[in-house]
Amino acid sequence: MELRKITEDNIDEVIALEVGETQKDFIMATNLRYIADAYVLNAEGEPTIPFAIYADDVVVGFLMYSYDTLDHESFENEAFYRKKSYFIHHIMIDKHYQGKRYGKLAFEKMLVDIEAMPYGEAEYIALFYHTDNIKAKTLYASFGFSEPGIIQDNSIMAVKTL
Ligand SMILES: CC(C)(COP(=O)(O)OP(=O)(O)OC[C@H]1O[C@@H](n2cnc3c(N)ncnc32)[C@H](O)[C@@H]1OP(=O)(O)O)[C@@H](O)C(=O)NCCC(=O)NCCS
């Protein structure tokens, strides 16, 4: 299991990855759109890194995170309000490769990378997942993410202290 930066060698494969039909409601955007968002966020000064997930030299998934401040107004009463964080925008494993622990291994690898604070000091890791996405909930809980009770547009926030 390896995370590799998006290059001209793997971008087409990353864009072609797909989730299952019943999972389409769980994702906010396509991989192509996430890569476009990374371009914009980086240009706006928010370090954002999209990665291809590889298993045995095959592209099986995609993930992306940013270094940012948790300053949304709905976080106002939370301990993490206005604190630096690594924000996980997305993780997906292609439908043909799911259930083989690739998602868990990639997530774990990403957490290890983030714990080295590659873009600056931070106190939290945060993400959102769809309210019906039990697989994602179980995955994040297994790594110690907790839920402060913030729900936005059918998405539940989960946070872990670094
Ligand atoms: C969520 C996703 C990334 C998990 O990747 P995966 O490779 O299929 O999952 P893994 O085989 O690594 O399993 C990881 C963990 O998920 C949980 N999980 C897996 N299948 C599950 C199921 N049917 N029900 C509940 N939890 C499940 C378990 O915690 C599992 O760990 P365990 O085997 O140690 O118990 C992947 O299924 C996916 O891309 N889903 C569609 C996109 C998506 O929902 N992304 C998350 C957006 S927030």
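Above this note sits the structure.
Presented here is a report on the structure given in the accompanying data block.

Rules and cut-offs
Here the residue numbers are simple positions, counted from 1 along each chain's written sequence. Given that the model is predicted, a residue must reach a pLDDT of at least 70 before its local features are reported, and side-chain atom pairs must reach 80 or more before they are shown or counted; all residues, however, enter totals for whole chains, interfaces and linings. Counting from the N terminus, the helices are the DSSP runs of H or I reaching at least four residues and the strands are the DSSP runs of E reaching at least two. Here a strand pair is declared whenever DSSP counts at least two bridges between the two strands. Burial in this document is a count-based property: other C-beta atoms within 10 Å of a residue's C-beta are tallied, and the residue is buried at 20 or more, exposed at 12 or fewer, or partly exposed in between, with C-beta positions derived from the backbone. Residue proximity rests on one test: whether the C-beta atom, placed from the backbone, lies within 6 Å of the molecule or strand. In this count, Pro and Cys sit with the nonpolar residues alongside Ala, Val, Leu, Ile, Met, Phe, Trp and Tyr, while Asp, Glu, Lys and Arg are called charged and the others, Gly among them, polar. A helix is expected to span 1.5 Å multiplied by its residue count minus one. By definition, the arc is the one covered by directions from the helix axis to the C-beta atoms. By definition, residue pairs are in contact when their C-beta atoms, positioned from the backbone, come within 7 Å. A set of buried Ala, Val, Leu, Ile, Met, Phe, Trp, Tyr and Cys residues, joined to one another through C-beta atoms within 7 Å, is what we call a nonpolar core.

1. Remarks on unusual backbone geometry
A negative phi angle is the norm for most residues apart from glycine, just as the trans form is the norm for most peptide bonds.
Phase 1: The backbone phi angle of Arg101 is positive, close to 75°, even though this residue is not glycine.
Phase 2: Within the secondary structure, Arg101 is located in the loop between strand 4 (84-93) and helix 3 (102-115).

2. Remarks on the sheet that holds strand 3 (residues 58-69)
The strands making up a sheet are joined through hydrogen bonds of the backbone, oriented either antiparallel or parallel.
Phase 1: Taken in spatial order, the seven strands make up an open sheet running 1-2-3-4-5-7-6, and their pairing is mixed. If you trace the sheet from one side to the other, it starts and ends with strand 1 (2-5) and strand 6 (151-152), each paired once.
Phase 2: Of the pairings in the sheet, the one linking strand 3 to strand 4 comprises nine bridges and is antiparallel in character. Each residue of the ladder has a partner; that of Thr69, found in strand 4, is Lys84.

3. Digging into the environment of Glu73
Phase 1: With respect to the helices and strands, Glu73 occurs in the loop between strand 3 and strand 4.
Phase 2: Owing to 6 C-beta atoms within 10 Å, Glu73 belongs among the exposed residues under this scheme.
Phase 3: A C-alpha to C-alpha distance of 23 Å links Glu73 and Ile27, two positions 46 residues apart in sequence.

4. Quick notes on the site of the ligand
Phase 1: In the vicinity of the ligand lie 22 residues, with Gln98, Gly103, Lys104, Tyr129 and Thr138 positioned nearest.
Phase 2: Listed by contribution, the elements that provide at least two residues to the shell around the ligand are strand 4, helix 3 and helix 4 (134-142).
Phase 3: Residues belonging to the shell around the ligand are distributed by class as follows: 11 nonpolar, seven polar and four charged.

5. Some thoughts on helix 2 (residues 31-43)
Since the α-helix packs 3.6 residues into each turn, any two residues three or four apart lie on the same face.
Phase 1: Across its 13 residues, helix 2 extends 18 Å between first and last C-alpha, which sits within 8% of the 18 Å expected from 1.5 Å per residue.
Phase 2: Within the sequence span of helix 2, burial applies to Asn31, Tyr34 and Ala38. On an axial view of helix 2, the arc spanned by its buried residues comes to 50°, and they lie on one face. Facing away from the buried side of helix 2 by over 90 degrees, the exposed positions are Leu32, Tyr39, Val40 and Ala43.
Phase 3: For helix 2, the secondary structure elements touched by its buried residues are helix 1 (11-16), strand 2 (48-55), strand 3 and strand 4.

6. Structural notes on the nonpolar core
Phase 1: Membership of the largest hydrophobic core comes to 39 residues, with the highest contact counts inside it found for Ile53, Leu63, Tyr65, Leu127 and Ala158.
Phase 2: When residues of this core are traced back to their parent elements, those giving at least two are helix 2, strand 2, strand 3, strand 4, helix 3, strand 5 (124-130), helix 4 and strand 7 (155-161).
Phase 3: Examining the composition of this core, we find that seven residues originate from one element, strand 3, more than from any other.
Phase 4: When sequence neighbours within four positions are dropped, the list of residues in contact with Tyr65 reads Ile49, Tyr86, Phe87, Ile88, His89, Met110 and Ile114.

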